[in-house]
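Below are the chains, spelled out letter by letter.
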Amino acid sequence: MKQKKQEWDGTRILRTTWKVISICISTLLLLFFGMIFVNVFSSLMPESLEIGNVAVIPIEGMISTESDSWMPGIKSSDIVEQIEKADKNNEIKAILLEINSPGGTPVATDEIAQAIKDANKTTVAVIRETGASGAYWISTAADKIFANRMSITGSIGVTASRLEYWGILKDYNVTYRKLTAGKLKDAGTVFREMTVEEQQLFQELLDDLDEEFITAVAENRHLPKEEVRELATGFVYLGSRAKELGLIDELGGKKEALKYIEKELNITAEPVEYKMKKGFFESLTGLTAQNFYQMGKGIGSSFSTDTKISFT
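These figures come from a predicted structure and were not determined experimentally.

Caption draft 1: Main features of the packing of helix α2 (residues 76-88) against helix α3 (residues 106-118). Between α2 and α3, the least distance of the axes is 9 Å, while the angle of their chain directions is 5°. What the angle tells us is that α2 and α3 run roughly parallel. On the side of α2, the interface is formed by S76, I79, V80, I83 and D87, while α3 contributes A108, E111, I112, A115, I116 and D118.

In structure tokens form, the structure reads like this:
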């Protein structure tokens, strides 16, 4: 009898445990699919009527020419589209770029910067947490730059990165066989050690991009090129230090920027957010990708297959 009672108690405990586990799993699944439903439903709703006279365009995350569902960031064509949309709207008197980005790829950066310079409206950049490297280049294209005194900005320079696997291949007796038309066609491959000639060529490429960056900052900020070159160490500056160096105009945030716009244009600023509306599948994949990204953050924007070049 005692043994049967123990067996019954054990079975009851096991059943209770499984019930608790199943309830927890069901609750998590309901929350997960509920979030997906809300996200997707909101994306299918018609776009709300945009009323205001200051277009606020957020620039958040890594900047690239192509969207990557596994790497939350922004696509340059989306930002360009919003800038052009705001520029064509007669009700919009100014464009405020709210920046929180570590940078991005050279082409994506240049596309957004050119769109800002082409706009026929007053443009103001506001650097919040981070406006570094390519994101800083973008901000210099605006008429005025505001930055939080503790923000991270500057970082004028170019970076290239590569992971080389040739050592591992050698350890496991794996051979990389080069088959190309053109001796430098596989330059930058990770499957063999980079030659001195290839390293020199990549360095020249980086130097050319760096020169473009320095020139753009000097022209946009109305600073002597040599002065910018001295500041272009690739390292970042606090907003307060950037103000002293002339890399930004004023310390402050969105509130101060709107006050500047009101004074400059003699209007009462009425901000309205301009941003891309996600489609059904973008909302679905974006939600799950964001969750995975937050679990293991990383930065990656590529210029070529194996060697990654970016303004970050």
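Caption draft 2: Structural context of the nonpolar core. With 46 residues, the main nonpolar core has I59, I83, I112 and I156 as its most contacted residues. Judged by nonpolar contacts, the second largest core, of 12 residues, contains V56, V124, L258 and I261.

Caption draft 3: A look at the side chain of S151. Among the structural elements, S151 can be located in the loop between β6 (144-147) and β7 (152-154). A relative accessible area of 1% means that S151 is categorised as buried. A distance of 2.7 Å separates a polar side-chain atom of S151 from the backbone oxygen of N148. If we skip the residues at most four places from it in the chain, S151 touches I127, R128, E129, Y237, L238 and G239.

Caption draft 4: Focus on the pattern of salt bridges. For the coordinates displayed, the defined rule picks out 9 salt bridges. As a salt-bridge pair, R192 and D186 come within 2.9 Å of each other at their nearest N and O atoms. Each of the two residues, R192 as well as D186, counts as buried. Residue K225 pairs with E211 through a salt bridge whose shortest N-O separation is 2.9 Å. With K225 in helix α7 (residues 225-231) and E211 in helix α6 (residues 196-221), the pair connects residues that are 14 residues apart, well separated along the chain. The exposure class assigned to K225 is partly exposed, which follows from its relative accessible area of 34%. On the basis of relative accessibility, which here comes to 28%, the residue E211 falls in the partly exposed class. Each of the salt bridges in this network shares a partner with another, and the network as a whole consists of E211, K225, E226 and R229.

Caption draft 5: A negative patch on the surface, seen in detail. On the surface, a cluster of negative charge is made up of D110, E111, E204, D207, D208 and E212. Where the negative patch is concerned, the elements lending two or more residues are α3 and α6. Looking at the negative patch element by element, the count peaks at 4 residues for α6. Looking at where D207 falls in the secondary structure, it is placed in helix α6.

Caption draft 6: Region of the structure containing the packing of aromatic side chains. Per the stated rule, a full pass over the model turns up 2 aromatic pairs. Taken together, a centroid distance of 5.0 Å and an interplanar angle of 25° make the contact between W137 and F213 stacked. Pair noted here: W137 is in helix α4 (residues 134-140) and F213 is in helix α6, with a separation of 76 residues, a long-range link. F213 carries the same exposure label as W137, and that label is buried. Here the aromatic rings of F146 and Y260 are separated by 5.9 Å at their centres, their planes lie at 55°, and the arrangement is tilted.

Caption draft 7: Main features of the pairing of strand β4 (residues 94-101). With 7 of 8 residues buried, β4 is to be regarded as a mostly interior element. The pairing of strand β1 (residues 54-60) with β4 spans 7 bridges and is parallel. Across the sheet, residue V54 finds its bridge partner in β4, namely A94. Here β4 runs beside strand β5 (residues 122-132); their pairing, made up of 7 bridges, is parallel. From the neighbouring strand, E98 faces β5, where its bridge partner is V126. Running through α3, the crossover from β4 to the neighbouring parallel element β5 is right-handed.

Criteria and cut-off values
Residues numbered from 1 in each chain as written. Predicted model: local features only at pLDDT ≥ 70, side-chain atom pairs only at ≥ 80, totals over all residues. Heavy atoms only, no water. Axes fitted to C-alpha atoms, helices over the stretch in contact; angles between N-to-C directions. Helix = DSSP H or I, 4+ residues; strand = E, 2+ residues; numbered from the N terminus. Parallel < 35°, antiparallel > 145°, perpendicular 65-115°, else oblique. Contact = heavy atoms within 4.5 Å. Core = buried A, V, L, I, M, F, W, Y, C linked by side-chain atoms within 4.5 Å. Buried < 20%, exposed > 50% of the residue type's maximum accessible area, 1.4 Å probe, protein only. Polar contact = N/O pair within 3.5 Å; in protein donor to acceptor, adjacent residues only side chain to side chain. Salt bridge = Lys/Arg side-chain N within 4 Å of Asp/Glu carboxyl O. Patch = residues over 30% accessible without salt bridge, like charges linked within 9 Å, V, L, I, M, F, W, Y side chains within 5 Å. Areas by Shrake-Rupley, 256 points an atom, 1.4 Å probe, with all protein chains shown as cover. Lys, Arg positive; Asp, Glu negative; His and termini not counted. Charge placed at Lys NZ, Arg CZ, Asp CG, Glu CD. Phe/Tyr/Trp six-rings, centres within 6.5 Å; stacked < 30°, edge-to-face > 60°. Pairing = 2+ DSSP bridges. Right-handed = clockwise from strand over helix to strand, strands pointing away.

These values are about where atoms sit, not about what they do.
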